[in-house]
Amino acid sequence: MVRPRAGPAGGRGRSWAGTAAGPFVGGAGRPEVARRTDAGRTGGADPVTRGPRGGGLVSVPSNPHPLPSRRPGRWWPACCCAPGPGALQLARGPCVGPLARARGPASTCSAASCPPCTTRTACPGPWFDMYLSARDSIVLNFNPFVAFIPDPKSEYNDQLTRATNMTVSAIRFLKTLRAGLLEPEVFHLNPAKSDTDTFKRLIRFVPSSLSWYGAYLVNAYPLDMSQYFRLFNSTRLPKPIRDELFTNEKARHLLVLRKGHFYVFDVLDQDGNIVGASEIQAHLKYILSDSSPAPEFPLAYLTTENRDVWAELRQKLASGGNEESLRKVDSAVFCLCLDDFPIKDLVHLSHNMLHGDGANRWFDKSFNLIIAKDGTAAIHFEHAWGDGVAVLRFLNEVFKDSTQAPAVTPQSQPARTDSSVAVQKLNFKLNDALKTGISTAKEKFDATVKTLTVDLIQFQRGGKEFLKKQKLSPDSVAQLAFQMAFLRQYGQTVATYESCSTAAFKHGRTETIRPASIFTKRCSQAFVREPSKHSAGELQQMMTECSTYHSQLTKEAAMGQGFDRHLFALRYLAAAKGIALPELYLDPAYGQINHNILSTSTLNSPVVNIGGFAPVVPDGFGIGYAVHDNWIGCNVSSYPGRNAREFLQCVEKALEDIFDAIEGKCIKT
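- Under an unreviewed UniProt entry, the name given to the chain is Carnitine O-palmitoyltransferase 2, mitochondrial, and the source organism is Panthera pardus.
- Taken directly from UniProt, the Subcellular location (unreviewed entry) text for the chain runs: "Mitochondrion inner membrane".
- Among the UniProt annotations of the chain, the heading Pathway (unreviewed entry) holds the following wording: "Lipid metabolism; fatty acid beta-oxidation."

1. Digging into the overall build of the chain
- Within the chain, the regular secondary structure consists of 23 helices and 20 strands.
- Among the 669 residues that make up the chain, the fraction classed as buried is 60%.
- Counted over contacts in the chain with a minimum sequence separation of 6, partners at least 24 positions apart contribute 77%.

2. What to know about the packing of helix H6 (residues 159-178) against helix H13 (residues 388-404)
- With their axes 9 Å apart at the nearest point, H6 and H13 run at an angle of 125 degrees to one another. When the axis of H6 is compared with that of H13, the two are oblique. Here H6 and H13 pass one another in a crossing that is right-handed. Where H6 approaches H13, its residues Arg-162, Asn-165, Met-166, Ser-169, Ala-170, Arg-172 and Phe-173 are matched on the opposing element by Arg-393, Phe-394, Glu-397, Val-398, Phe-399, Asp-401 and Ser-402.
- A per-class count over the contact of H6 with H13 returns six nonpolar, three polar and five charged.

3. Looking at the state of the cysteines
- The final tally for this structure, using the stated rule, is zero disulfides.
- Not engaged in a disulfide, the cysteine Cys-337 finds its nearest cysteine sulfur in Cys-335; these two sulfurs lie 3.8 Å apart.
- Classification of Cys-337 by relative accessible area gives buried; the value is 0%.

4. Description of the pairing of strand E7 (residues 244-247)
- Across four bridges, strand E6 (residues 234-237) lies against E7 in antiparallel orientation. When the bridges of E7 are listed, Arg-236 appears paired with Leu-245.
- The loop that links E6 with its antiparallel partner E7 comprises six residues; one of these, Ile-241, has a positive phi angle of about 75 degrees.

5. Some points on H13
- Given a rise of 1.5 Å per residue, 17 residues ought to cover 24 Å, and the 24 Å separating the end C-alpha atoms of H13 matches this to within 8%.
- Counting buried positions along H13 yields 15 of 17 residues, so the element is predominantly enclosed.

6. Details of the pattern of salt bridges
- A full pass over the atoms with the stated rule returns 32 salt bridges.
- Close ionic contact of Arg-135 with Asp-243 constitutes a salt bridge, the shortest N to O distance being 2.9 Å. Within this pair, whereas Arg-135 is found in the loop between helix H5 (124-133) and strand E3 (145-148), its partner Asp-243 is found in the loop between E6 and E7, the two being separated by 108 residues in sequence. There is no split in this pair, since Arg-135 and Asp-243 are both buried.

How each quantity is defined
- What you see as residue numbers is a count from 1 along each chain, following the sequence as written.
- Confidence filtering applies because this is a predicted model: local features only for residues at pLDDT of at least 70, side-chain atom pairs given and counted only at 80 or more, and all residues used for totals across whole chains, interfaces and linings.
- Hydrogens and water are ignored here; the side-chain numbers use all heavy atoms of the structure.
- UniProt positions are given in the numbering used here, feature names are shortened, and annotations may be inferred rather than shown by experiment.
- Secondary structure is summarised from DSSP: a helix means a run of H or I of at least four residues, a strand means a run of E of at least two, and numbering begins at the N terminus for each.
- Partly exposed residues are those whose accessible area sits between 20% and 50% of the maximum for their type, while under 20% is buried and over 50% is exposed, using a 1.4 Å probe and protein chains only.
- In what follows, residue pairs with any heavy atoms lying within 4.5 Å of each other are defined as contacts.
- Between the N-to-C directions of two axes lies an angle of 0 to 180 degrees, each axis being a line fitted to C-alpha atoms and, for a helix, fitted only over the stretch in contact.
- Here roughly perpendicular refers to angles of 65 to 115 degrees, roughly parallel to angles under 35, roughly antiparallel to angles over 145, and oblique to all remaining angles.
- What makes a crossing left-handed is the near helix being turned counterclockwise from the far one by less than a right angle; a clockwise turn instead makes it right-handed.
- Think of it as three bins: nonpolar holds Ala, Val, Leu, Ile, Met, Phe, Trp, Tyr, Cys and Pro, charged holds Asp, Glu, Lys and Arg, and polar takes everything else, Gly as well.
- In what follows, a disulfide is any cysteine sulfur pair within 2.5 Å.
- At least two DSSP bridges between two strands are required for those strands to pair.
- Expected helix span is taken as 1.5 Å per residue step, with the number of steps being one fewer than the number of residues.
- Note on definitions: salt bridges are taken to be side-chain nitrogens of Lys or Arg within 4 Å of carboxyl oxygens of Asp or Glu.

This is the structure in structure tokens:
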């Protein structure tokens, strides 16, 4: 199965930073997202984004289907870059004809075949099925992480202080979201026109069904937020064949993991108000002071198992007198993980936040907020429920609120309360079968994570500001560097995946950008194999062609005009109707271009330190990257079939060559 993983952010997220602090209303200068939490769950109402106190409704349009005449034009350039002649034959072969001609019921996901959707709506049902039906462990195969930068006030990075502040800020976000007061998220391409009080006042008087037209006229794109309610009180439950997503918004307690032990305490009172910050601080201090040794059989390892194995063990766990404890784990507002050691460096950070030791995470929760002994913090999230747009907004808001309006200071004293009564330590009854299951899960987990390598570079010669002055897309330059690096290391170009958010549409998830094109192939070969045959001007021209084409692909994917999700829907529809798969899907070359050896995702925000994910295929690279204003960061993971360190050296060489060519210098061989 091709996993459409987008790393730390299921969406592109290049400009999706958060907004206001405090109650998270108002704010300016950044895209903001939110909508009422009820519309997306029923599937009956068109998603809208809401302004403060319900004002300024902006509807979100339905996802269009790719124009039939354009499908082969997007398809064959992607095939041309896969290794071997078969892919090129597939690109222009007879099986592509039906793709161009497909119309009507054969080319759309009809309401009859997909009940949760309408014929005018991006269909979330099959996409959820794809994630939830996967039986592999969600650790490494699906779940990514994204780490916060440190608190700018160093004394606030004390573990207890930061855990308290981030917990309170997360609950403030939850309260604002559920009250419908979260500032709507709008992706502003021209903030000078659209991100103004005047425009916001005018759009309030436009009917919600038409307001998105007005927004589009000024290049403002409201983003769907139907995923947002799953941020809190949500868990992926293991079930045979297909997992389920569970949400219980009535629960008021927080789940805390430390040294493999489980603790719960209320962070909302009976009236829905946030429990006092000093009381939360007291409870966390009580948990941090628990001197109990780590359990002999840490239950959390079960969430790292194959999903069918975990489903069977969970049934035994529930029937063995643990049903109430499991309910508290599943319904908790979120999971806070307190680690008892500091972070050594960025490689250690990546390993710890991506998988850790397996004992102190509940990988099934919608997200784990992890805080190390030195205050290093990250979000590790389960991917079935949503993508990077929601997670990045949450991350930005929590950071801004916890640093600009902290609930406690390093000098704050915890409340004088009896935490031994308020905090419940969950104890699980384990029979021999469960103990054996935990031990087996631990062995598998330890063996798997030992095979994962993570390494990174920080290219300091330039970044977004310099590249934009050269009229080059910063993202296209990063993607070109990956193509050049792989060609230099392995002598060929391969199928490449880049995630693009389609949150501009109702229930939008992601579309694929295919960064490997005939343009990047030609440019890579010129740089790597025959740099002396090309002048700096010729190389610059080829880079411009790559940039132009990449920008076109990005825009088309974001506007629902990619081909990958369309082909996914056609395949799903054929299976649902019992129709034989078209020849296209059976061709080996089709599998080849969907074997994404380079799986890439970018997530930019000033509060993000680093993000990462594992490769999506055993012989691939997982590439999390960001083009910052004045530098480029790249965090790469691999299994033994690939050499991440060597690949990064080739990426660095590629970036040096690109910058040399831009500056008119000769390429060093």
